[in-house]
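Residues per chain are reported as follows:
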Amino acid sequence: MTADQTQPTAAIGFTTVKQAEKQALVNEVFAKVAQRYDQMNDLMSAGLHRLWKDDFVAMLNPPKSARAFRVLDVAGGTGDIAFRIARAGGKGTEVTVADISPEMVAEGARRAAGEGLAGRCRFMVANAEALPFPDGSFDAYTIAFGIRNVPDIPRALGGAFRVLKTRGRFQCLEFSHVDVPGLEAIYDAYSFTVIPAVGKVVTGDGQPYRYLVESIRTFPPAPVFAEMIAEAGFSRVAYRLLTAGTVAIHSGWRI
Ligand SMILES: C[S@@+](CC[C@H](N)C(=O)[O-])C[C@H]1O[C@@H](n2cnc3c(N)ncnc32)[C@H](O)[C@@H]1O
């Protein structure tokens, strides 16, 4: 599939398509993997995603008191970040998970009920590019392994800025690019052969996992993404690389 010259384009893995088509293809991927998503995360990252998510939530540091702290977790999928935030925060911490995939949201809501967190973690279907919340609604906006799936990233970042209160916190956890010479070749070999193969064994289809790997490679390097966050209006933008640069945590403030 190729894109014509007149429409905004987006990368879907290594293929360039019209932005409008990218979302439909991404949705197909997550509809297929929703029920095995958590299991696959553990297998593909050898459990590392748990440490990255713990680190991300520790950095957010939700208040332990009963003070109201409203968090929007966009592309929150099956709730891994939301549950960690709810557990780390006090009674006043509430998380709204907004994800475009009804299948991922259904899985997340089921898990929340199972873990006794349904009262503090609310799940809804919503698009990061068109958030259905009034301006200045949240104290924090989080997005983990979600932003690279969104076709129009500047639009999503603009939405993040809009829904945050003044002094609101933006945090993004996303795959990045290996910064250790020599490790890249090993990481590539693992990513392009092992991950789709494991995906095929567990879910019966390797293609969604090929997309996931390709979309990581086409996502901007950390300094470039930091500039995009600043361009959306955020102040004190910073990033931290984890695990040899495979993952980055970006942050900023709405001042
Ligand atoms: C890799 S999963 C991450 C899930 C979760 N945040 C985690 O860390 O486990 C990516 C999620 O992004 C969601 N997504 C993709 N495009 C989106 C969009 N435009 N708006 C909201 N969510 C989107 C997908 O449905 C999927 O649940």
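Residues numbered from 1 in each chain as written. Predicted model: local features only at pLDDT ≥ 70, side-chain atom pairs only at ≥ 80, totals over all residues. Heavy atoms only, no water.

A. Quick look at the pattern of salt bridges. Applying the stated rule across the entire model yields 14 salt bridges. Note that D80 is salt-bridged to R111, the shortest N-O span being 3.0 Å. With D80 in helix α4 (residues 80-88) and R111 in helix α5 (residues 102-114), this residue pair connects regions lying 31 residues apart in the sequence. What makes R111 buried here is its relative accessible area of 18%. (Salt bridge = Lys/Arg side-chain N within 4 Å of Asp/Glu carboxyl O. Helix = DSSP H or I, 4+ residues; strand = E, 2+ residues; numbered from the N terminus. Buried < 20%, exposed > 50% of the residue type's maximum accessible area, 1.4 Å probe, protein only.)

B. Fine view of the sheet that holds strand β5 (residues 121-125). Strands sit in the order β5-β4-β3-β6-β7-β9-β8 across an open sheet of seven strands; the sheet is mixed. Only two strands of the sheet have a single neighbouring strand rather than two, namely β5 and β8 (235-242). On average, each strand axis in the sheet is tilted by 15 degrees relative to the strand beside it, whichever way the strands run. Pairing of strand β3 (residues 69-74) with strand β6 (residues 138-144) involves four bridges; the strand directions are parallel. Bridging from a neighbouring strand, D73 pairs with T142 of β6. In this fold helix α3 (residues 48-60) packs onto β6, β7 (164-175), β8 and β9 (247-254), with an angle of close to 165 degrees to the strand it touches most, β7. (Pairing = 2+ DSSP bridges. Axes fitted to C-alpha atoms, helices over the stretch in contact; angles between N-to-C directions. Contact = heavy atoms within 4.5 Å.)

C. Geometry of the packing of aromatic side chains. Counted under the stated rule, the structure contains ten aromatic pairs. Relative to F175, the ring of W52 lies with its centre 6.1 Å away and its plane at 90 degrees, an arrangement referred to as edge-to-face. With W52 in helix α3 and F175 in strand β7, the pair connects residues that are 123 residues apart, well separated along the chain. We classify W52 as buried; its relative accessible area is 6%. The class for F175 is buried, based on a relative accessible area of 18%. Taking the centre distance of 5.2 Å and the plane angle of 85 degrees together, the rings of F161 and F234 count as edge-to-face. (Phe/Tyr/Trp six-rings, centres within 6.5 Å; stacked < 30°, edge-to-face > 60°.)

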